[in-house]
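Spelled out from the first residue to the last, the chains are:
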Amino acid sequence: MKVLVVNCGSSSIKYQLFEMDNELVLAKGLVERIGLEGSILTHQPTGKEKKVINANITNHVIGISLVLEALTDANYGVISNMNEIDAIGHRGIHGGEKFSDSVLINENVIKAIEECNDMAPLHNPPSISGINACSELMPNVPQVIVFDTAFHQTMPKHAFMYGLPYEAYEKYGIRRYGFHGTSHKYVSQRVADLMGKDFKDLKIITCHLGNGSSVAAIKNGKCIDTSMGFTPLEGLLMGTRCGNIDPAIIPFLMKKENMTLDQIDNYINKKSGVLGVSGISSDFRDIEKAAESGNDRAQLALDMFTYEVVKFVGSYAAAMNGVDAIVFTAGVGENSIEMREHISSSLEYLGTKVDKEKNNIRGKEREFSVDGSKVKLFVIPTNEELVIARDTKTICTK
Ligand code: ADP
């Protein structure tokens, strides 16, 4: 069975074509700058040379049709015709309270996604454009959507409610939803496999540390808390997002700086985080380099980030009354040896012990705690596309 995984942004489409019999990626690629000048498709067939196609890609239908052409091309394609695609899996961002699992797409599902548009104005409309484009070009191929929020729907009410008047929840659905759920699900299930234990018998804390970052607490196979909230702004300080701040700062700053709603939104989402603190970059590699050469604000940004991760892990160990494994994933979690070491060595009171030699690794799956330590430490590269492909296969072969 072949599954095409599609992740649509407002001006981009990421895709991977999987052969599910052996879970291998046949080809992957990226359409960029949809609707803008200089739109481009970069197609990478596995084991063959990369192909870059410049074209006037004005909308998602044209984008997807170019992807299909690339996949079926006589020279750089990987399938002989598009009927070989058995199912399509979409990455969905916000499924609100309506979706606690992946689902086969039909008209009612599209309506329900549209009802969540207000909560994810940048993300949900492009997903719908992608779904419509696929329906137009491949009307008989079943489509599934896998939401970033779904894995977190098991959180108990006392963990997902905010201390606002209850009507805010009833009227507008204001509550914690959490994001990166597909990633937290993948690495938490994977760590159980690597430990040779049943997922349902473990207390796991997963740290998805990338440009956007979140931590999740998974007890007996269910997410019980996570650091992102109503939107992906809450929780840790991130590349450009401020994370947790005193909410009273918002009206204070708006008054002092005479800011509009859009300006403050941009300030806390795009200008803050490690970029805002360091004044250097949102990229952790640049900040680590600057800190090494003695830049105090770069060091401060790193210290703040590390400190916040340590606090979240500690609070989730408390929430679960213990922890068996801590997993690091995403760009920073998979690659920053220093960050993993600093965070893990601040958690020794829980029973973590870093094996520095084993921790000397980037982007590979490995346990890096000292043999026999009470709490196991792991690096596990995330694979959200594989989860989407697996869920799509499961739903379409039911
Ligand atoms: P996104 O949230 O955009 O998916 P990623 O998970 O790809 O982000 O993570 C991107 C972040 O990972 C960037 O800030 C980048 O600096 C960081 N990163 C990648 N490689 C390294 C590395 N070797 N050391 C430190 N940080 C790294």
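Coordinates for the structure precede this section.
Summary of the structure given here. Quick caveat: nothing in here was measured; it's all calculated off a predicted structure. (Residues numbered from 1 in each chain as written. Predicted model: local features only at pLDDT ≥ 70, side-chain atom pairs only at ≥ 80, totals over all residues. Heavy atoms only, no water.)

1. Comments concerning the site of the ligand
Move 1: Taken together, the neighbourhood of the ligand is formed by 14 residues, with Asn 211, Gly 212, Asp 283, Phe 284 and Gly 331 sitting nearest.
Move 2: A distance of 3.3 Å separates an oxygen atom of the ligand from a polar atom in the backbone of Arg 285.
Move 3: Gly 331 places a polar main-chain atom, nitrogen or oxygen, 2.8 Å from an oxygen atom of the ligand.
Move 4: Secondary structure elements with two or more residues in the shell around the ligand: α10 (284-292) and α12 (330-335).
Move 5: Per-element tally for the shell around the ligand: the top contributor is α12, with four residues.
Move 6: Broken down by class, the residue content of the shell around the ligand amounts to three nonpolar, seven polar and four charged. (Near = heavy atom within 4 Å. Polar contact = N/O pair within 3.5 Å; in protein donor to acceptor, adjacent residues only side chain to side chain. Helix = DSSP H or I, 4+ residues; strand = E, 2+ residues; numbered from the N terminus. Nonpolar A, V, L, I, M, F, W, Y, C, P; charged D, E, K, R; others polar.)

2. Remarks on the sheet that holds strand β3 (residues 24-32)
Move 1: One open sheet accounts for eight strands, arranged β5-β4-β3-β2-β1-β6-β8-β7; its pairing is mixed. Edge positions in the open sheet fall to β5 (51-54) and β7 (103-104), since each of these has one partner strand only.
Move 2: Relative to β5, strand β4 (residues 40-45) runs antiparallel, the two sharing four bridges. Across the sheet, the residue bridging to His 43 is Lys 51, located in β5. (Pairing = 2+ DSSP bridges.)

3. A look at the environment of Gln 16
Move 1: Structurally, the position occupied by Gln 16 is in strand β2 (residues 13-19).
Move 2: Once the C-alpha coordinates of Gln 16 and Val 5 are considered, the two residues, eleven residues apart in sequence, prove to be 5.2 Å apart.
Move 3: Each residue touching Gln 16, except ones within four places of it in the same chain, is listed here: Val 3, Leu 4, Val 5, Val 25, Ala 27, Lys 28 and Glu 385. (Contact = heavy atoms within 4.5 Å.)

4. Digging into the packing of helix α6 (residues 181-195) against helix α15 (residues 384-396)
Move 1: It is at 9 Å that the axes of α6 and α15 come closest, and there the two elements cross at 90 degrees. One finds that α6 runs roughly perpendicular with respect to α15. Contacts between α6 and α15 involve Thr 182, Ser 183, Lys 185 and Tyr 186 from the first element and Glu 384, Leu 386, Val 387, Ile 388, Arg 390 and Asp 391 from the second.
Move 2: In terms of residue class, the contact of α6 with α15 is built from four nonpolar, two polar and four charged. (Axes fitted to C-alpha atoms, helices over the stretch in contact; angles between N-to-C directions. Parallel < 35°, antiparallel > 145°, perpendicular 65-115°, else oblique.)

5. Re the pattern of salt bridges
A side chain of one charge can pair with a side chain of the opposite charge if their charged atoms are brought near each other.
Move 1: Considering all chains together, one arrives at 16 salt bridges under this definition.
Move 2: Measuring nitrogen to oxygen at the nearest pair gives 3.3 Å for the salt bridge that ties Glu 234 to Arg 176. Highlighted residues: Glu 234 in the loop between β11 (222-226) and α7 (249-257) and Arg 176 in the loop between α5 (166-172) and α6, separated in sequence by 58 residues.
Move 3: Asp 391 is the partner of Lys 185 in a salt bridge, and the nearest nitrogen-oxygen pair spans 3.4 Å. Residue Lys 185 is found in helix α6, and its partner Asp 391 is found in helix α15; the two are separated by 206 residues along the sequence. Accessibility classification places Lys 185 together with Asp 391 in one group, the buried group.
Move 4: Three or more residues joined by partner-sharing salt bridges are found here, namely Lys 2, Glu 19 and Glu 84. (Salt bridge = Lys/Arg side-chain N within 4 Å of Asp/Glu carboxyl O. Buried < 20%, exposed > 50% of the residue type's maximum accessible area, 1.4 Å probe, protein only.)

6. Observations regarding the sheet that holds strand β13 (residues 366-367)
Move 1: With respect to topology, six strands assemble into an open sheet ordered β11-β10-β9-β12-β14-β13, the strand pairing being mixed. Pairing within the sheet leaves two strands with one partner each, and these edge strands are β11 and β13.
Move 2: As judged from the four bridges shared by strand β12 (residues 325-329) and strand β14 (residues 376-379), these two strands associate in the parallel manner. Considered in β14, the bridge of Ala 325 is made with Lys 376.
Move 3: Contacting β9 (203-209), β10 (213-219), β11, β12 and β14, α6 runs over the sheet at an angle of about 130 degrees to β9.

7. Re the pairing of β3
Move 1: Here β2 runs beside β3; their pairing, made up of seven bridges, is antiparallel. Bridge pairing in β3 places Lys 14 opposite Leu 30.
Move 2: In this structure, the hairpin formed by β2 and β3 is closed by a connection of four residues, where Glu 23 is found at a positive phi of approximately 55 degrees.
Move 3: Pairing of β3 with β4 involves six bridges; the strand directions are antiparallel. By the bridge assignment, Leu 30 is partnered in β4 with Thr 42.

8. A look at α15
Move 1: Helix length check: α15 (13 residues) gives 18 Å between terminal C-alpha atoms against 18 Å at 1.5 Å per residue, within 8%.
Move 2: Among the residues of α15, those classed as buried are Glu 384, Leu 386, Val 387, Ile 388, Ala 389, Asp 391, Thr 392 and Ile 395.
Move 3: Packing partners of the buried residues in α15 comprise β1 (2-8), β2, β6 (87-92), β7, β8 (143-147) and α6. (Expected span 1.5 Å × (residues − 1).)

9. Structural notes on the pairing of β6
Move 1: Here β6 lies mainly inside the structure; six of its six residues are buried.
Move 2: Side chains Ala 87, Gly 89 and Arg 91 of β6 all project onto a buried face; the interleaved residues Ile 88, His 90 and Gly 92 project onto the opposite face, where all are buried too.
Move 3: Bridge count for β1 against β6 is four bridges, and the pairing is parallel. Its bridge partner being in β6, Val 5 is matched across the sheet by Gly 89.
Move 4: As paired elements, β6 and β8 share five bridges and run parallel to each other. Across the sheet, residue Gly 89 finds its bridge partner in β8, namely Val 144.

Everything listed here is a matter of geometry and, on its own, says nothing about what the molecule does.
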